[in-house]
Amino acid sequence: MRSRWPRTISLTTLILLLISQWLNTDAQNHRRRGRWAERERAGLAQAFKGITTHGRLDRNLFQIESTGVSTAPIVAAAEAFLEGLNDDQLLRVMFPVQSEEWRKWGNVHAYPRDGVSFEELNGPQRRLAFGLLGASLSAKGLQTTQDIMKLNETLAELTGRPDAFGRWKYFLTIMGDPSTESPWGWQLDGHHCIINYFVLGDQVVMSPVFMGSEPTQARSGTFRGTRVLQSEQETALELIRS
């Protein structure tokens, strides 16, 4: 009779290797989060300056002025989203309008984020969250945002890293109480998609905003056929080739 020991040892070794890899990955993620936390503390210790280009402050980018376009639909969507959350989620999503939370965002996937994530939201809550995005953004802006999130799922499939990437690994925070008069806003923060959305009366300022994707199109997987930022990509390639 053929001995089963080699097969048993091989299987045991494989299990130990998988456990070791999981532990190493978890340790690496912990170290990355620690490094980002240190950088965040250092950045927040500096006085807020505003938007800069090459280190120089860009003054008078946005003037306080009436647009004549009501922000009531955005306020209503934000209130509906908040009403759909439970008490614990409300505590984590709400910040004062002057909170440093505005400054706490990062493009990389390992950045430690606050707020509530789409991953923890149930179906109705996600619809309300997208309702807020839809009321705030243009149709193209909403579509691009949703496609970036889908392509982050494609990245998870390509890398085998659902712990790091995924469609729902994006966080929402609300700064201030939604109002058609008093200042408030919201922030979407996640890998390759950051939107800071500030509202004052009937005026909206979206800045800073980061939108990117890796990959820019899904050739296989759950969201095969999804594409984003194609025209921007072609313009960039033309610039490089010129």
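Structure shown above.
None of these values were measured; they are calculated from a predicted model.

### Digging into unusual backbone geometry
Right, so step 1: Going from Ser-207 to Pro-208, the amide bond is cis rather than trans, its omega being -5°.
Right, so step 2: Looking at where Pro-208 falls in the secondary structure, it is placed in strand β8 (residues 203–211).
Right, so step 3: Although it is not a glycine, His-192 sits at a positive phi angle of roughly 70°.
Right, so step 4: As for its position among the elements, His-192 is in the loop between β6 (184–190) and β7 (193–200).

### Points about the packing of aromatic side chains
Right, so step 1: Summed over the entire model, instances satisfying the criterion amount to 5 aromatic pairs.
Right, so step 2: Ring plane angle 10° and centroid distance 4.9 Å describe the contact between Trp-186 and Tyr-197, whose orientation is recorded as stacked. With Trp-186 in strand β6 and Tyr-197 in strand β7, the pair connects residues that are 11 residues apart, well separated along the chain.
Right, so step 3: Under the relative-accessibility criterion, Tyr-197 is labelled buried at 2%.
Right, so step 4: Ring pairs connect the aromatic residues Phe-118, Phe-130 and Trp-168, which therefore count as one cluster.

### A word on the pairing of β8
Right, so step 1: Across 7 bridges, the pairing between β7 and β8 is antiparallel. Bridging across to β8, Leu-200 finds its partner in Gln-203.
Right, so step 2: Counting the residues that bridge the hairpin from β7 to β8 gives 2 residues, and of these Gly-201 lies at a positive phi of roughly 65°.

### Quick word on the pattern of salt bridges
Right, so step 1: Within this structure, the stated rule accounts for 8 salt bridges.
Right, so step 2: One salt bridge in this structure joins Arg-92 and Asp-88, with 2.9 Å as the shortest N-O distance. Residue Arg-92 and its partner Asp-88 are both found in helix α3 (residues 87–93); the two are separated by 4 residues, about one turn of the helix.
Right, so step 3: A residue is classified by how much of its surface remains accessible, and Arg-92, at 29% relative accessible area, is partly exposed.

### Overview of the pairing of β6
Right, so step 1: Summarising burial for β6: 7 of the 7 residues are buried, a large majority.
Right, so step 2: In β6, alternate side chains face the same way, and those of Trp-184, Trp-186, Leu-188 and Gly-190 on one face and Gly-185, Gln-187 and Asp-189 on the other are all buried.
Right, so step 3: By the bridge criterion, 6 bridges tie strand β5 (residues 170–175) to β6 in an arrangement that is antiparallel. Following the sheet pairing, Leu-172 is matched in β6 by Leu-188.
Right, so step 4: Across 7 bridges, β6 lies against β7 in antiparallel orientation. Bridge pairing in β7 links Gly-190 to Cys-193.
Right, so step 5: The hairpin turn running from β6 into β7, its antiparallel successor, is 2 residues long, and His-192 in that turn takes a positive phi close to 70°.

Calculation criteria
Residues numbered from 1 in each chain as written. Predicted model: local features only at pLDDT ≥ 70, side-chain atom pairs only at ≥ 80, totals over all residues. Heavy atoms only, no water. Helix = DSSP H or I, 4+ residues; strand = E, 2+ residues; numbered from the N terminus. Phe/Tyr/Trp six-rings, centres within 6.5 Å; stacked < 30°, edge-to-face > 60°. Buried < 20%, exposed > 50% of the residue type's maximum accessible area, 1.4 Å probe, protein only. Pairing = 2+ DSSP bridges. Salt bridge = Lys/Arg side-chain N within 4 Å of Asp/Glu carboxyl O.

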